[in-house]
Amino acid sequence: MLVKAPKGTKDNLPGEVYKWQFLEERFRDAAARYGFLEIRTPVIEHTELFARGIGDTTDVVEKQMYTFEDYGGRSITLRPEGTAGAVRAYLEHKLYAETRPAKMWYEISCFRYEKPQSGRLREFHQFGVENFGSHNMLADAEVIALADEFLRGLGIAELALRINSIGCPACRPVYRKRLMDFLADRYDALCDTCKSRYERNPMRILDCKSPVCQDLVRGAPVMIDSLCDECKTDFDALRENLSAMGIDYEVDSGIVRGLDYYTKTAFEFVSNQIGAQGTVCGGGRYDHLMRELGAGEDIPGVGFGLGIERLLLVLEASGIEIPLPKRADALVVFLDAGEAKTEALRVAKELRAAGLACEVDTAGRPMKRQFQYADRIGAKYCVILGEEELRTREATVKDMVTGEQKRVPFAKIAGALK
Ligand SMILES: [Zn+2]
Ligand SMILES: [Zn+2]
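Parameters at a glance
Residues numbered from 1 in each chain as written. Chains lettered and ligands numbered in written order. Predicted model: local features only at pLDDT ≥ 70, side-chain atom pairs only at ≥ 80, totals over all residues. Heavy atoms only, no water. Domains from an automatic or database assignment. Donors = N, O, S within 2.8 Å, 3.2 Å for Na, K, Ca; no water. Tetrahedral: all angles 85-135°; square planar, octahedral: opposite > 155°, others 65-115°. Buried < 20%, exposed > 50% of the residue type's maximum accessible area, 1.4 Å probe, protein only. Salt bridge = Lys/Arg side-chain N within 4 Å of Asp/Glu carboxyl O. Helix = DSSP H or I, 4+ residues; strand = E, 2+ residues; numbered from the N terminus. Pairing = 2+ DSSP bridges. Axes fitted to C-alpha atoms, helices over the stretch in contact; angles between N-to-C directions. Contact = heavy atoms within 4.5 Å. Core = buried A, V, L, I, M, F, W, Y, C linked by side-chain atoms within 4.5 Å. Parallel < 35°, antiparallel > 145°, perpendicular 65-115°, else oblique. Nonpolar A, V, L, I, M, F, W, Y, C, P; charged D, E, K, R; others polar.

How big an interface is tends to be expressed through the accessible area that disappears when the partners come together. Partitioning the protein chain into domains gives domain 1 (14–171 + 227–317) and domain 2 (330–417). Summarising the inter-unit geometry, the C-alpha centres of domain 1 and domain 2 are found 50 Å apart.

Here it is, written out as structure tokens:
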């Protein structure tokens with residue numbers, strides 16, 4: 001093999017892409033029904049954006065970013081997530097001066113250097129939404145409802161929504177202290193990564209995948225018991241809003257989110273169908289990100305990212321089949337001779353103009369092989385142009401399912417197929 005795709009990337013071959021297109025159509029439709037508009041931002045951003053926006057003590061920024069210096073000597077990074085770029089665009093183009101809140105969605109590829117495993121690639125894809133400019137828990141409930149509606153609309157039954165509040169700068173330090181006190185006697189037994197998290201980001205220890213650490217944090221104090229009045233009121237409001245929309249959820253104090261800018265609401269949609277990698281969608285609120293990225297004030301935000309590769313795994317594991325795309329309506333089968341070819345090209349063009357999906361065999365094979373090709377592409381009809389047909393100017397239209405044939409004047413083929 002001369003060239004192989006880089007480790008952790010995956011080709012979407014022509015025979016599979018219809019699954020993506022189906023999900024894209026569904027997501028676009030759900031977003032539109034909630035009034036979200038699409039935004040498209042560059043794959044590359046200045047490295048600084050992610051270092052500040054994601055937090056330089058996170059695994060993502062420390063170990064996983066695809067960063068390089070471009071020929072102008074700037075440090076550039078392939079985006080590892082979607083929010084920072086959307087926020088950058090929002091601030092750069094002063095969209096905050098327009099209607100608030102701004103509601104946008106995107107479909108993006110993201111890049112993280114991680115050990116590739118099922119449903120976790122180095123290049124992966126996400127749908128995401130962001131609501132910029134609202135402090136109100138109606139915004140949080142709305143983005144959750146959008147994800148819920150999209151996911152359940154696909155027929156996924158085994159799907160749990162878990163919500164949590166991770167507090168705010170007023171209450172988190174108090175909790176942080178309580179957590180550190182709890183972990184102090186257990187410090188020596190923590191994994192090396194968690195030892196380094198202890199001072200910098202102890203809440204991440206709750207999220208550690210090491211069984212040893214998971215054991216050690218059992219019984220640790222939880223954030224929702226340490227919420228300030230404002231965070232508590234907001235968490236209650238979120239729950240009320242979700243209930244009003246009939247959305248089932250469980251409170252899970254274990255959701256801490258990997259990224260530093262999250263405040264208050266954190267949520268995940270989890271499927272037990274795909275094992276440990278079961279989080280299909282994760283999101284939350286980030287009220288201090290905008291200031292961190294240079295806005296003169298705090299502009300609140302809430303949103304989510306929904307992993308498309310993982311979603312496809314869940315659909316597969318749940319036995320949910322994505323409908324096959326529309327097949328060719330017709331193949332024009334023609335005798336390989338001058339006049340028949342001219343006529344075939346003309347007929348095919350006419351059928352396409354009439355809205356039908358119509359092919360000719362572009363490999364120029366004999367008629368018998370053209371019929372085999374018709375089977376391959378699943379053509380519903382063959383429109384046959386042989387010697388007899390050219391003489392009478394009536395094509396033979398063959399139904400490829402029933403085998404039935406009839407003669408149709410050239411001018412009426414489109415009508416007959418429809
Ligand atoms: Zn608080
Ligand atoms: Zn650990």
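From this point, the discussion proceeds with the structure in view.
Further remarks concern the coordination of the zinc ion (ligand 2). Only Cys191 (SG), Cys194 (SG), Cys208 (SG) and Cys213 (SG) from the protein reach the zinc ion (ligand 2) as donors, at distances of 2.2 to 2.3 Å. Between the four donor atoms coordinating the zinc ion (ligand 2), the angles at the centre fall across 104 to 117°, so the site counts as tetrahedral. Looking at Cys194, the relative accessible area reads 0%, which means it is buried.

Let's shift gears to the coordination of the zinc ion (ligand 1). Every protein donor of the zinc ion (ligand 1) is listed here as Cys168 (SG), Cys171 (SG), Cys228 (SG) and Cys231 (SG), and their distances to the metal cover 2.2 to 2.3 Å. Classification of the site at the zinc ion (ligand 1) as tetrahedral follows from its four donor atoms and the range of 101 to 115° in their angles at the metal. According to the relative accessible area criterion, Cys168 is buried, its value standing at 10%. Overall, the relative accessible area of 1% leaves Cys231 in the buried class.

Tallying each qualifying case throughout the model produces 34 salt bridges. We note a salt bridge from Arg33 to Asp29, for which the minimum N-O separation is 3.3 Å. Here Arg33 pairs with Asp29, and both are found in helix α1 (residues 17–33), just four residues apart, close to one helical turn. In this structure, the salt-bridge partner of Arg285 is Asp287, at a minimum N-O distance of 2.8 Å. For the residue pair Arg285 and Asp287, the accessibility class agrees, reading buried in each case. Among the ionic contacts, a cluster of salt bridges with common partners joins Glu343, Arg346, Glu350 and Arg393.

What the three strands build is an open sheet, ordered β2-β4-β3; its pairing is antiparallel. Unpaired on one side and paired on the other, β2 (44–46) and β3 (67–69) mark the two borders of the sheet. Adjacent strand axes in the sheet meet at a mean angle of 35°, parallel and antiparallel pairs treated alike. With three bridges joining them, β3 and strand β4 (residues 75–78) adopt antiparallel strand pairing. Residue pairing across strands places Phe68 opposite Ile76, the latter belonging to β4. Against the sheet, helix α2 (residues 47–54) touches β2, β3 and β4, its axis set at about 75° to β2.

Before going further, it helps to spend a moment on the nonpolar core. Residues Phe150, Leu151 and Leu311 are the most contacted members of the largest nonpolar core, which totals 96 residues. In terms of residues, this core owes the most to one element, helix α5 (residues 137–153), which gives 10 residues. Once residues lying within four places of it in the same chain are set aside, the contact partners of Leu151 are Ile156, Leu159, Phe269, Val280, Cys281, Leu306 and Leu311. Formed by 21 residues, the second largest nonpolar core is a distinct cluster that contains Leu356, Val397, Ile413 and Leu417.

Excluding glycine, a negative phi dihedral is what most residues carry, and trans is how most peptide bonds are arranged. Here Arg100 and Pro101 are connected by a cis peptide whose omega angle stands at -5°. At Lys94, a position not held by glycine, the phi torsion is positive, near 50°. Examined against the element boundaries, Lys94 turns out to sit in the loop between α4 (83–92) and β5 (102–111).

Axis separation between α1 and helix α11 (residues 308–317) bottoms out at 11 Å; the angle between their running directions is 105°. Classified by the angle between their axes, α1 and α11 sit roughly perpendicular to one another. Of α11, the residues touching α1 (which contributes Lys19, Trp20 and Leu23) are Ile308, Glu309, Leu311, Leu312 and Leu315. A class-by-class count of the residues in the contact of α1 with α11 yields six nonpolar, no polar and two charged.

Now for the sheet that holds β5. Strands in a sheet are paired, the pairing made by backbone hydrogen bonds, and the direction either parallel or antiparallel. Across the sheet, eight strands lie side by side as β1-β5-β6-β11-β10-β9-β7-β8; this open sheet has mixed pairing. Because the sheet does not close on itself, it has two edges, and the strands there are β1 (37–38) and β8 (250–251). α1 rests against β5, β6 (123–132) and β11 (301–307) of the sheet, and its axis sits at about 5° to β6.

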